[in-house]
Amino acid sequence: MSILNETYTLSNGVEIPKLGLGTWFIDDDKAPDAVRAAIETGYRNIDTAQAYGNERGVGEGVRTSGLAREDLFISTKLAAEIKDYDTAVAAIDESLAKLDVGYIDLMLIHAPQPWDDFRGGDYAEGNRQAWRALTDGHQAGKIRAIGVSNFLQSDLENLLTDATVAPHVDQVLLHAGNTPEELLAFCAERNILVQAYSPIAHGTLLDSPKMSAIAEKYGVSVPQLCIRYTLQLGAQPLPKTANPDHMRSNAGLDFEISEADMAALRALDERDYGEHAAFPVYSGK
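As the structure is a computational prediction, the values presented were derived from the model and not from experiment.

**Student:** Help me understand unusual backbone geometry, please; the structure alone is not making it clear to me.
**Tutor:** When glycine is set aside, most residues are seen to have a negative phi, and most peptide bonds are trans. Phi at Phe 25 is positive, roughly 70 degrees, even though this residue is not glycine. Tracing the chain through its elements places Phe 25 in the loop between β3 (21–22) and α1 (31–41). The backbone phi angle of Ser 198 is positive, close to 50 degrees, even though this residue is not glycine. For Ser 198, a relative accessible area of 12% corresponds to the buried category.

**Student:** Hey, could you run me through the sheet that holds strand β8 (residues 169–173) in this one?
**Tutor:** The strands making up a sheet associate through hydrogen bonds between their backbones, and the pairing can be parallel or antiparallel. Taken together, eight strands build an open sheet; the order of strands is β3-β4-β5-β6-β7-β8-β9-β10 and the sheet is parallel. The open sheet has two free edges, formed respectively by β3 and β10 (236–238), since each of these has just one partner strand. Two strands pair when backbone bridges link them, and β3 and strand β4 (residues 45–47) are joined in this way by two bridges, in the parallel orientation. When the sheet's bridge partners are listed, Leu 21 is paired in β4 with Ile 46.

**Student:** Explain the pairing of strand β9 (residues 193–197) here, please?
**Tutor:** Two faces make up the sheet, and in a regular strand the side chains alternate between them. In terms of burial, β9 is largely enclosed, as five of its five residues are buried. Here β9 shows no split at all, with Leu 193, Gln 195 and Tyr 197 on one side and Val 194 and Ala 196 on the other all buried. Pairing geometry for β8 and β9, over five bridges, is parallel. Pairing of Gln 171 across the sheet is with Gln 195, part of β9. Remark: the β8/helix α6 (residues 181–189)/β9 crossover connection has right-handed handedness. In this structure, β9 lies alongside β10, joined through three bridges in parallel fashion. Bridge pairing in β10 links Tyr 197 to Leu 238.

**Student:** What is the right way to look at the packing of aromatic side chains in this model?
**Tutor:** We describe a pair of aromatic rings using the distance from one ring centre to the other and the angle between the two ring planes. Counted according to the given criterion, the structure contains seven aromatic pairs. Relative to Tyr 282, the ring of Tyr 273 lies with its centre 4.8 Å away and its plane at 45 degrees, an arrangement referred to as tilted. Residue classification places Tyr 273 among the buried residues on the basis of a relative accessible area of 4%. Ring pairs connect the aromatic residues Trp 24, Phe 25, Tyr 273, Phe 279 and Tyr 282, which therefore count as one cluster. In this structure, Lys 18 is placed above the aromatic ring of Tyr 8, and the distance from its NZ or CZ to the ring centre is 5.0 Å. Looking at Arg 190, its charged tip hangs above the ring of Phe 186, at a distance of 3.7 Å from the centre.

**Student:** What is the right way to read the environment of Leu 10 from this model?
**Tutor:** Tracing the chain through its elements places Leu 10 in the loop between β1 (7–9) and β2 (15–17). Classification of Leu 10 as buried rests on a relative accessible area of 4%. Each C-alpha atom, one on Leu 10 and one on Asn 191, is 7.6 Å from the other, the two residues being 181 residues apart in sequence. If sequence neighbours within four positions are ignored, Leu 10 has contacts with Ile 16, Ala 145, His 168, Val 169 and Leu 193.

Parameters and conventions
Residues numbered from 1 in each chain as written. Predicted model: local features only at pLDDT ≥ 70, side-chain atom pairs only at ≥ 80, totals over all residues. Heavy atoms only, no water. Helix = DSSP H or I, 4+ residues; strand = E, 2+ residues; numbered from the N terminus. Buried < 20%, exposed > 50% of the residue type's maximum accessible area, 1.4 Å probe, protein only. Pairing = 2+ DSSP bridges. Right-handed = clockwise from strand over helix to strand, strands pointing away. Phe/Tyr/Trp six-rings, centres within 6.5 Å; stacked < 30°, edge-to-face > 60°. Lys NZ or Arg CZ within 6 Å of the ring centre and 35° of its normal. Contact = heavy atoms within 4.5 Å.

Here it is as structure tokens:
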């Protein structure tokens, strides 16, 4: 069975395909082609965000893919800067309008702090306000599942203090060389699915001799090893690409990493993101 046909079940019973397509850095005008190519390859899970500026293009790709809407899983994210209820409600409706695919399968708070103060000040109350807006959108049937992104355990605990719905998902930077064990354990205990963005560390693991050696052992590419690793952790990977060949290759995951190699990958520390360290999520904060 292909990984593209496998799903995880979220705590509210909603099924989410195990492999998704990330669309960060895919321009709005290029997004329809990328989304259609992914769907043609067999992907059913497409991830975007207000901050990516390509919701319109992603929606167009979905609508023109020839596939029934209910066969696809579409996620987006509330801009990290939105930390009050009314703005969040308006932004949810704006995403619905831009995507124009009827409803959203999963919507996340993109980060616990605005990007220009990432891991900075205290936005606990603002996150609770944004969460209330997502919860109301969920209860109104606009969104099938709700979650967060880049939330640390303390951020999750803040939400859980008075949330009527616990997050179904926490989407975080997760890859071989950056495995947040305590956060993974915390989420597992509370039935929060961890989604892994940048499972290939924004491409930097392609140059890792350790990764290349292990990949060679299995006769697979480094990206395939990276994606398989996150799956065996029980996470849901979202490799980003607009290249149809890479989409196909990324889905070639019919191999199993041994326990010994999983332990070696878990112990790796590879967090030198080079030029990408300019982005808050890679800055080491």
